[in-house]
Amino acid sequence: MEKFSSEYFRKLANDLKFDLSDEEIEALKKDFLAVEKQVELFDTIDTDCVEPMIYPFETPTVFLREDEIVDVLDQDDALSNAADVRMGHVHVPKVVK
């Protein structure tokens, strides 16, 4: 199977429970090929002398606020609009194959 063939996208869409038109598949092919070219470009960059980053900022982030507890709903209020509540949790039908 070709890397980004129509069959590839149809199977992917089917697995994800999507319907794709032929036009949407062609657009996805173009997008995936563009992303693949970008990744190939990144692969050509020499990073041998670059130290890996553990944290994306040079200085610690001090602009983050402290969490404050406000307007807390109790469990009964939070679950009052749920259609199916079991043992204090919202129950939903299984959606995974």
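Structure first, text after, so check above.
A quick note: this is a predicted structure, and the numbers were derived from the prediction, not measured. Per chain, residues are indexed from 1 in the order of the written sequence. Residues qualify for local features only when their pLDDT is at least 70, as the model is predicted, and side-chain atom pairs are given and counted only at 80 or more; totals for whole chains, interfaces and linings, by contrast, use all residues. Hydrogens and water are ignored here; the side-chain numbers use all heavy atoms of the structure.

Draft legend 1. Highlighting the packing of aromatic side chains. A pair of aromatic rings is counted whenever rings of Phe, Tyr or Trp (Trp by its six-membered ring) have centres within 6.5 Å, and the orientation is called stacked for planes under 30 degrees apart, edge-to-face for over 60 and tilted otherwise. One pass over the full model with this rule turns up two aromatic pairs. Judged by centre distance (5.3 Å) and plane angle (85 degrees), the rings of tyrosine 8 and phenylalanine 9 are edge-to-face. Tyrosine 8 sits in the partly exposed class, given a relative accessible area of 30%. Exposure classes here rest on a 1.4 Å probe applied to the protein chains alone. A residue is buried below 20% of its type maximum, exposed above 50%, and partly exposed in between. Judged by relative accessible area, phenylalanine 9 falls into the buried class, the value being 1%. When the ring of phenylalanine 9 is compared with that of phenylalanine 32, the centres are 5.0 Å apart and the planes differ by 85 degrees; the resulting orientation is edge-to-face. Separated by 23 residues along the polypeptide, phenylalanine 9 in helix α1 (residues 6-15) and phenylalanine 32 in helix α2 (residues 22-43) bring together distant segments of the chain. One aromatic cluster is present, built from ring pairs that chain together Tyr8, Phe9 and Phe32. Secondary structure elements are taken from DSSP: a helix is a run of H or I of four residues or more, a strand is a run of E of two residues or more, and numbering for both begins at the N terminus.

Draft legend 2. Up close: a nonpolar patch on the surface. On the surface, Leu12, Leu16 and Phe18 cluster together to form a nonpolar patch covering roughly 290 Å² of accessible area. Relative to the elements of secondary structure, leucine 16 occurs in the loop between α1 and α2. Note that patches include only residues with greater than 30% relative accessible area and no salt bridge, and the join distances are 9 Å for like charges and 5 Å for nonpolar side chains (Val, Leu, Ile, Met, Phe, Trp, Tyr). We get accessible surface area from the Shrake-Rupley algorithm with a probe of 1.4 Å; when it comes to residues, only the shown protein chains can shield them. Salt bridges are counted wherever a side-chain nitrogen of Lys or Arg sits within 4 Å of a carboxyl oxygen of Asp or Glu.

Draft legend 3. Inspection of the pattern of salt bridges at higher detail. One pass over the full model with this rule turns up five salt bridges. The partner of arginine 10 in a salt bridge is aspartate 22, with the nearest N and O atoms 2.4 Å apart. Of the two residues, arginine 10 is situated in helix α1 and aspartate 22 in helix α2; the sequence distance between them amounts to twelve residues. The exposure class assigned to aspartate 22 is partly exposed, which follows from its relative accessible area of 47%. Its salt-bridge partner being lysine 29, residue glutamate 26 comes within 3.2 Å of it at the nearest N-O pair. With glutamate 26 and lysine 29 both in helix α2 and three residues apart, the pair spans about one turn of that helix. Note on glutamate 26: relative accessible area 41%, which makes it partly exposed.

Draft legend 4. Looking closely at α1. The set of residues buried in α1 consists of Ser6, Phe9 and Ala13. Along the long axis of α1, the arc covered by the buried residues comes to 65 degrees, so they all point the same way. Residues of α1 that are buried in the fold lie against α2. Phi for lysine 17, located one or two positions after α1, is positive at around 65 degrees. In this description, one arc is meant: the one made by directions from the helix axis to the C-beta atoms. When checking whether two residues touch, look at their non-hydrogen atoms; a contact exists if any pair is within 4.5 Å.

Draft legend 5. Seen up close, the environment of aspartate 71. Here aspartate 71 is to be found in the loop between α2 and α3 (75-79). Considered as a pair, aspartate 71 and glutamate 40 are 31 residues apart in the sequence and their alpha carbons are 49 Å apart.

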